[in-house]
Amino acid sequence: MKKFISAVTGKMAEFAPWKNLVFISLAFWGSHILLRFLLLFRNNPYGFPFVSKPDWYIFHAICLDFLWIGKALLVFALFTVLFGYIQSKILKKLSKNKHRVCTVLYTIFHSAILLTTLLDNEVQRFLGSHLSFGLANTYKDTSSIVMFYDYVANDLSVPFLQFFVLALILPATYGLYRLIRKGLGNRSLKIPLIAMCIFYVASHLFVYVIWTGNARMTKLRPVVTLVYNDLFPAKKSEHLNATDVAVLGKAYQQLWQKVQGDSLWEFDSSEIGQKLPLYRIPKTALAESEALKARRAEKPNIIFFLLESHRGLNVGFMNPNEPSPTPFLDSIAKHSHAWVRMHASGLPTTGGVLSTHLGMPHHSKLAEATDLAHVNLPSFASVLTDSGYTTHYFSAADPAWDNLGVWMAKWYTAEHYDRNFEDDSSFFDKTVSAIRNSLATGDKPFLATIMSRSNHYPFNFAAGMTDEEKNRPLQERIKVTMHYTDRQLARFIHSIENEPWYKNTYVIIMADHGFPLGENDVSTMNGSAYSNATWIPFVIHGKGLEPAIDTATTAQIDVGVTILELAGLAVPNVSMGHNLLRGYGSGLSLGAYSKVADIGFDGYRLIDRYPLNSGNVDGLFAEGDTHQKKNLAAEKPAEVKRLEALIDTLIKISDYTLETGF
């Protein structure tokens, strides 16, 4: 094998066209490395780090760029060989220009990709989204050019740096090319090519085997991948024409009103309603009701906990006959309104958090946090912000990791993350201090959304875990970390429960998602919507709420509108959810995950492959069968077919709304 590689690289090294292509490739790779540093180690235009842990990204970025440049080099080298053969055998009179055309084309190709990469980087810094045809269509008018200039002029990193880089990047690349050519031009490329082959293999192993990460890979996608995905889309929802939108929208509206059980909302029939069938408006009877007026006058504070991976299968009050790792959560549930049939509407954390804020299930195909970051959609947090609340998002995990920081910046007045406070103990202490000393002392009501971390896979992040605990099976380890977070939650609440403002505060506790640990023969997050991954706790604690264990069918899409009505707000929105405290109507839950969707309605929960593939149903379960012990799909094919039709309607209209925005 060694002799074979040596022979091949030796032949390649002596082949004249290869040299120029290799030099060009290395020069452009160097320029891409520079652009990566300028992106990852610089602030965004608003003065915050683009990523909080650039050291977790830079080596992956360098390797990813080398991988695609290596592939491009191989393709153009083969093309050069073919073109040279055609010239020598068929077009002999053009032999003097042999290989020159290929070199020029290769240079033009790389120049275009390099400049597009610079634009993609700036779009990411500004919008949090990669450059795409859809984004270009959204910002195609001339006003966007003016906006871009204003953004560059007011960049809180280095104003106008983009223009200097744009002007200098190609000349700098040419200078680097000359240096490489001067250093290697008169030598054999045998050793450099062997080194490149070794680095290519090492890069592939590093980013795809040794240290993987879907969120990081999404953020670092090179432009060539973005262009390929746009040219050969297998991801976006099928195009819906006006008739499709009208038909699907009407079906959705009828179902929503049936679940709602009253006539306090109406769907808009104006132009915006025709474009966005989800757009609904509260009637005067609701918006000006005495109950909502009283809550608006009280201006209640809201502390909203999103607990990492707190799956319903382990929470004590949801499993009364099982030993509980969550005694504090169980105790507060006894004095609160608690739901025991709440399901996540998206997976993993990104899907759960965005679904909760937007009131729609996660997009069924797109990486919503990145691919749709440019779309304008409100959340319950932005409504509270616009209604006079001070809204802060606190996260123990880096929100920039999966692009959540971009979304939170749209909706909240402030974000908080510190890589030195990622353990739930120190993180909760720091958050309590911020609430007590800042938010609670202001003259505005506040929303504090708090995302924990210590109960994250592989469930060994809890401070103080012993070696014996860390070596337990995952099914046991998760109980250790859940109990740890539960203790920190108890410390948090006990530290503020005697504050005077606490009496006017709602504490809301839920999970971002569950986690599959072998139940239903599933042990990974992707491609599963069984209760091990989606069944989660949901508790609202505060004045005026009678203690109750609620068995209504619910999902994360219901949370936002419920929070808003707790604050006395009923505003026009595109949320697919329902106020869970309305006390009447039926229930519905809806979720979209990786190649799977689920719906809970009329006493059943269907888990199905999505897009729908007849006969490929994961399961139909009774809603009361929260542990999903008995699959009813074979017994009730008519129920499966009915719920499949509902899933298809709801997911299509939801995906369309997420892609369209306001």
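Cut-offs used in this document
- Within any chain, residue numbers begin from 1 and follow the written order of that chain's sequence.
- Residues qualify for local features only when their pLDDT is at least 70, as the model is predicted, and side-chain atom pairs are given and counted only at 80 or more; totals for whole chains, interfaces and linings, by contrast, use all residues.
- Values shown for side chains rest on all heavy atoms present in the structure; no hydrogens or waters enter the calculation.
- Each helix corresponds to a stretch of at least 4 residues labelled H or I by DSSP, and each strand to a stretch of at least 2 residues labelled E; elements are numbered beginning at the N terminus.
- As a reference, a globule follows 2.2 Å times the number of residues to the power 0.38, and the radius of gyration itself is taken over C-alpha atoms.
- The criterion used for residue contact is that any of the two residues' heavy atoms lie within 4.5 Å.
- Only the protein chains shown count as cover for residues, with accessible areas throughout obtained via the Shrake-Rupley method and a probe of 1.4 Å.
- Residues scored as positive are Lys and Arg, those scored as negative are Asp and Glu, and His as well as the terminal groups of each chain are ignored.
- Working definition for charges: the position is that of NZ of Lys, CZ of Arg, CG of Asp or CD of Glu.
- Fitted lines through C-alpha atoms serve as axes, helices being fitted only where they are in contact, and the angles separating the N-to-C directions of these axes extend from 0 to 180 degrees.
- Oblique is the label for any angle not covered by the other classes, which are roughly parallel (under 35 degrees), roughly antiparallel (over 145) and roughly perpendicular (65 to 115).
- Helix crossings get a hand from a simple test, with the near helix turned counterclockwise from the far one by less than a right angle marking a left-handed crossing and a clockwise turn marking a right-handed one.
- Throughout this entry, Asp, Glu, Lys and Arg are counted as charged residues, while Ala, Val, Leu, Ile, Met, Phe, Trp, Tyr, Cys and Pro are counted as nonpolar. The remaining residues, Gly among them, count as polar.
- By this definition, two strands are paired if DSSP reports at least two bridges between them.
- A pair of aromatic rings is counted whenever rings of Phe, Tyr or Trp (Trp by its six-membered ring) have centres within 6.5 Å, and the orientation is called stacked for planes under 30 degrees apart, edge-to-face for over 60 and tilted otherwise.
- Criterion for a charge above a ring: Arg CZ or Lys NZ at most 6 Å from the ring centre, at most 35 degrees from the ring normal.
- Only protein chains enter the accessibility calculation, which uses a 1.4 Å probe; a residue whose area is less than 20% of its type maximum is buried, one above 50% is exposed, and one in between is partly exposed.

Draft legend 1. Quick look at the overall build of the chain. Scanning the chain from terminus to terminus reveals 25 helices and 15 strands. Taking 2.2 N^0.38 as the reference for a compact globule, 662 residues should give roughly 26 Å; the C-alpha atoms of the chain span a radius of gyration of 28 Å, in line with that estimate. Based on the C-alpha atoms only, the size of the chain along its principal axes is roughly 90 × 60 × 55 Å. Pairs at least 24 residues apart make up 73% of the contacts formed inside the chain by residues separated by at least 6 positions. Just so you have it, the chain exposes about 28,900 Å², and 60% of that area is on carbon and sulfur atoms. In the chain, which carries 63 positive and 59 negative side-chain charges, the distance between the mean positions of the two groups comes to 13 Å.

Draft legend 2. Structural context of the side chain of Ser 531. Turning to its location among the elements, Ser 531 is positioned in helix 23 (residues 531-534). Those residues within four positions of Ser 531 in sequence are excluded, and the remaining contacts are Leu 313, His 343, Thr 626, His 627 and Gln 628.

Draft legend 3. Structural context of the packing of helix 16 (residues 349-358) against helix 19 (residues 404-411). For the pair helix 16 and helix 19, the least separation of the axes is 11 Å and the interaxial angle reads 15°. In terms of their interaxial angle, helix 16 and helix 19 are classed as roughly parallel. Helix-helix and strand crossings are classified by hand; for helix 16 and helix 19 the assignment is left-handed. Of the residues in helix 19, those in contact with Thr 349, Thr 350, Val 353, Leu 354, His 357 and Leu 358 of helix 16 are Leu 404, Trp 407, Met 408 and Trp 411. Residues of the contact of helix 16 with helix 19, tallied by class, amount to seven nonpolar, three polar and no charged.

Draft legend 4. Geometry of the sheet that holds strand 12 (residues 588-592). In spatial order, the strands read 12-13-14-15; together these four strands make up an open sheet with antiparallel pairing. The sheet is open, and its two borders are formed by strand 12 and strand 15 (617-622), each paired with just one other strand. Taken pair by pair, the neighbouring strands of this sheet meet at an average axis angle of 5°, ignoring direction. Where strand 13 (residues 596-601) and strand 14 (residues 604-609) come together, six bridges link them in antiparallel fashion.

Draft legend 5. Representation of the packing of aromatic side chains in the model. Enumeration according to the criterion identifies 28 aromatic pairs in this entry. Ring centres of Phe 76 and Tyr 106 lie 4.7 Å apart, and the angle between their planes is 55°; on these two criteria the pair is classed as tilted. Residue Phe 76 is located in helix 3 (residues 58-89), and its partner Tyr 106 is located in helix 4 (residues 100-127); the two are separated by 30 residues in the primary sequence. For the cation-ring pair, Lys 410 lies above Trp 407, with the distance from its terminal atom to the ring centre recorded as 4.2 Å. Over the ring of Phe 421 we find Lys 430; its NZ or CZ atom is 4.7 Å from the centre of that ring.

Draft legend 6. Representation of unusual backbone geometry within the structure. For the bond from Leu 347 to Pro 348, the omega torsion is -10°, close enough to zero to count as cis. Looking at the secondary structure, you find Pro 348 in the loop between strand 4 (337-343) and helix 16. The residue Phe 160 is not glycine, and still its phi comes out positive at about 65°. Within the fold, Phe 160 resides in the loop between helix 6 (143-153) and helix 7 (161-184). Assessed through its relative accessible area of 28%, Phe 160 is described here as partly exposed. The backbone of Lys 595 shows a phi angle near 65°, a positive value even though the residue is not glycine. One can find Lys 595 in the loop between strand 12 and strand 13.

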